[in-house]
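These are the residues of each chain, in order.
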Amino acid sequence: MTAASSELASLIDHAAVKTAFGQTTAHVPVEHWTAAARQAHDLGCTAFDWLGVEDAGRPGASGQRHAVYLHVLNPDTKLGLLLRTEVGDEPLPSVAGLWAGAAWHEREAVEMFGITLSEPAPHLLLPESFAGHPLRKDFVLASRVVRPWPGRLEPGEDGTSAPSRRRAAPPGVPDPSWGPRRLEGDTDA
């Protein structure tokens, strides 16, 4: 991002402009999300780049709050604007009315992260019978329970490393109490 991009971010009402690692972000409360998006559109950011979601990163609160990012561009000046908001149980207002391409990204966020939109959206990637939201940090990867991981074992899983105080499991691996258990002498593989 350039200095001009941070100037563009500072024009957004109700935004706290923060710069970290050379990236300027306009943090907007969720109640001002639609107004900030409309203002960005009116400032010339008519090209939609992407809309993404990630865990808001609070320790011990995995899957409870999510950060939503919107990156749009001004095609004339080539300046980009990154908007950010956080949602929990409240619905995310849709910006698909301003950028049609955002509709796909919003539907993906609903299915993969479990956030709710202000307008209901049909399923996009997963069947309606699918339970859970696969991109959330609190989602258990059932395939890691059913079949052992085919790659190299994680530290502490191969039994050759020194004992530690706490066994660390790789992301997505459920605790040992989850799922089917093998009985001693069971030869099914």
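Treat the numbers as computed from the prediction; the structure is a model and nothing was measured.

Student: Is there a simple way to think about the overall build of the chain in this case?
Tutor: The helix and strand inventory of the chain stands at 4 helices and 5 strands. Written out in order from the N terminus, the α and β elements of the chain read α-β-β-α-β-β-β-α-α. Counting across all 189 residues of the chain, residues that qualify as buried make up 33%. Within the chain, residue pairs in contact and separated by at least 24 positions form 51% of the contacts whose partners lie at least 6 positions apart. Element-wise, carbon and sulfur atoms account for 55% of the exposed surface of the chain, whose accessible area totals about 12000 Å².

Student: So what exactly am I meant to see when it comes to unusual backbone geometry here?
Tutor: For residues that are not glycine, phi is negative in most cases, and the peptide bond is trans in most cases. One non-glycine residue, histidine 14, lies in positive phi territory at about 60°. When you line up the elements, histidine 14 lands in the loop between α1 (3–10) and β1 (16–20). Given the relative accessible area of 52%, histidine 14 is considered exposed.

Student: How do you make sense of the pairing of strand β2 (residues 23–27) when you look at a structure like this?
Tutor: As a general feature of sheets, a regular strand has side chains that alternate between the two faces. With 4 of 5 residues buried, β2 lies mostly within the body of the structure. Linking β1 back to β2 in an antiparallel pair, the connection comprises 2 residues, with phenylalanine 21 at a positive phi of about 55°. As judged from the 2 bridges shared by β2 and strand β5 (residues 79–87), these two strands associate in the parallel manner. By the bridge assignment, alanine 26 is partnered in β5 with leucine 83.

Student: Can you walk me through the pattern of salt bridges in this structure?
Tutor: Pairs can form between side chains of opposite charge whenever their charged atoms are close. Applying the stated criterion across every chain, the model contains 3 salt bridges. Among the ionic pairs, glutamate 90 bridges to arginine 65, the shortest N-O distance being 3.8 Å. In this pair, glutamate 90 is assigned in the loop between β5 and α3 (102–113) and arginine 65 in the loop between β3 (47–55) and β4 (66–74), connecting sequence segments 25 residues apart. Taking the relative accessible area as the measure of exposure, glutamate 90 reaches 26% and is therefore partly exposed. For glutamate 86, the salt bridge is made with arginine 84, and the minimal N-O distance between the two is 3.2 Å.

Student: Would you mind going over helix α2 (residues 33–42) with me for this structure?
Tutor: Every α-helical turn comprises 3.6 residues, leaving residues that sit three or four positions apart pointing alike. Where α2 is concerned, the buried positions are Trp33, Ala36, Ala37, Gln39 and Ala40. Looking straight down α2, one finds that the buried residues subtend no more than 160° of arc, so they occupy a single side. Those residues of α2 that are buried lie in contact with β3, β4 and β5. Trailing α2 by a residue or two, glycine 44 shows a phi angle of about 105°, which is positive.

Student: Honestly, the side chain of glutamate 86 in this entry has me stumped. Any pointers?
Tutor: In this fold, glutamate 86 is placed in strand β5. Here arginine 65 takes part through its side chain, which lies 3.2 Å from a polar atom of the side chain of glutamate 86. Sequence-distant contacts of glutamate 86, defined by excluding residues within four places in its chain, comprise Val30, Ala56, Arg58, Arg65, His66 and Ala67.

Conventions and cut-offs
Residues numbered from 1 in each chain as written. Predicted model: local features only at pLDDT ≥ 70, side-chain atom pairs only at ≥ 80, totals over all residues. Heavy atoms only, no water. Helix = DSSP H or I, 4+ residues; strand = E, 2+ residues; numbered from the N terminus. Buried < 20%, exposed > 50% of the residue type's maximum accessible area, 1.4 Å probe, protein only. Contact = heavy atoms within 4.5 Å. Areas by Shrake-Rupley, 256 points an atom, 1.4 Å probe, with all protein chains shown as cover. Pairing = 2+ DSSP bridges. Salt bridge = Lys/Arg side-chain N within 4 Å of Asp/Glu carboxyl O. Arc of directions from axis to C-beta. Polar contact = N/O pair within 3.5 Å; in protein donor to acceptor, adjacent residues only side chain to side chain.

What is shown is where atoms sit, not what they do.
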